[in-house]
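# Chains, contacts and geometry: an overview
Listed here are the chains, written in short residue letters.
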Amino acid sequence: MNGFTPKTVEDLYAVRAAIERWCIIEGAPHLTDEDVERMERFLIPMEAAWVRRDYPAFYTHAWSMREVIHARSGNAVAFTEIRKLRSRLHQLPLVLHEIPEHSEWILRRHHDIVTAAKARDTEAIADIIVDILSVAGRYVREAYERRFTTDPHSTHGGSTASDGWSPPSEVFDSL
């Protein structure tokens, strides 16, 4: 089908978190006051979409806010790779749209991003993004694991951890 397994989902979120963190570490120090104001303005349509329970719009505004920081990294390759990973993850069922308390938490975390940006706290912004992606990855992986539990013979064309390859633990310890 789509080549995803629960392990693939976990790996994609881990790679995305690492690249986004790097972009934020590189980009956040270059944010201008206008950039921070623009990020803050994204909260208005995010809040309106959240009230309407328009989750596609909500997550689009959240993504757009983060793109302001990514763009300041100056690394078009990393920016493109983040977009590719995001697009690949959007091939999965949108389970996050089914968890209203998650979107409320995401909204609070994006307020925290703006607060950290105003304070020019690069590490805090990066930590918040990694936290967001870790939680989202866990929810999506759990949903995918339930799918595999109901159809244990399904591999969806993807590889699994039983392929014999495993990364060194320090790769994930650094996330």
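Summarised in this report is the structure supplied together with it. Here the structure is a predicted model, which means the values were calculated and not measured.

With 20 residues, helix 2 (residues 33-52) should cover 28 Å at 1.5 Å per step; its first-to-last C-alpha distance of 30 Å lies within 8% of that length. Packed against the buried residues of helix 2 are helix 3 (55-72) and helix 5 (100-118). Arg-53 occupies a position one or two residues after helix 2 and carries a positive phi of about 60°.

A few words on the packing of aromatic side chains. Applying the stated criterion across every chain, the model contains 1 aromatic pair. Note on Phe-58 and Tyr-59: the rings are 5.0 Å apart at their centroids and 90° apart in plane angle, and the pair reads as edge-to-face. Judged by relative accessible area, Tyr-59 falls into the buried class, the value being 16%. Here the guanidinium or amino end of Arg-53 rests over the ring plane of Trp-50, the centre of that ring lying 4.5 Å away. Positioned above the aromatic ring of Tyr-139, the side-chain terminus of Arg-138 is 5.6 Å from the ring centre.

With that settled, the discussion passes to the nonpolar core. Of all hydrophobic cores here, the largest spans 46 residues; its most connected members are Leu-31, Met-39, Phe-58, Met-65, Ile-69, Ile-113 and Ile-125. Those elements giving two or more residues to this core turn out to be helix 1 (6-27), helix 2, helix 3, helix 4 (76-89), helix 5 and helix 6 (122-150). Ranked by the residues each element gives to this core, the list is headed by helix 6, at 11 residues. Dropping the residues within four chain positions of it, Met-65 is found in contact with Met-39, Phe-42, Leu-43, Met-46, His-110, Ile-113 and Val-114.

Procedures and definitions
- Each chain carries its own residue numbering, running from 1 in the direction its sequence is written.
- With pLDDT at 70 or above as the cut-off, local features in this predicted model cover only qualifying residues; side-chain atom pairs require 80 or more to be listed or tallied, and sums for whole chains, interfaces and linings still use all residues.
- Each side-chain value is worked out from all heavy atoms of the structure, with water and hydrogens disregarded.
- Only runs of H or I of at least four residues qualify as helices and only runs of E of at least two qualify as strands under DSSP, and these elements are numbered from the N terminus.
- What a helix should span is 1.5 Å times the count of its residues minus one.
- Any two residues whose heavy atoms approach within 4.5 Å at even a single point are treated as in contact.
- Only Phe, Tyr and Trp rings are paired, with Trp represented by its six-membered ring, and only when their centres lie within 6.5 Å; those with planes under 30 degrees apart are stacked, over 60 edge-to-face, the remainder tilted.
- A simple rule labels every residue: compare its accessible area, found with a 1.4 Å probe on the protein chains alone, to the largest value its type can have, and call it buried under 20%, exposed over 50%, or partly exposed in between.
- Working rule: Lys NZ or Arg CZ, within 6 Å of ring centre, within 35 degrees of ring normal, means a charge sits over the ring.
- We define a nonpolar core as any set of buried Ala, Val, Leu, Ile, Met, Phe, Trp, Tyr and Cys residues linked to one another through side-chain atoms lying within 4.5 Å.

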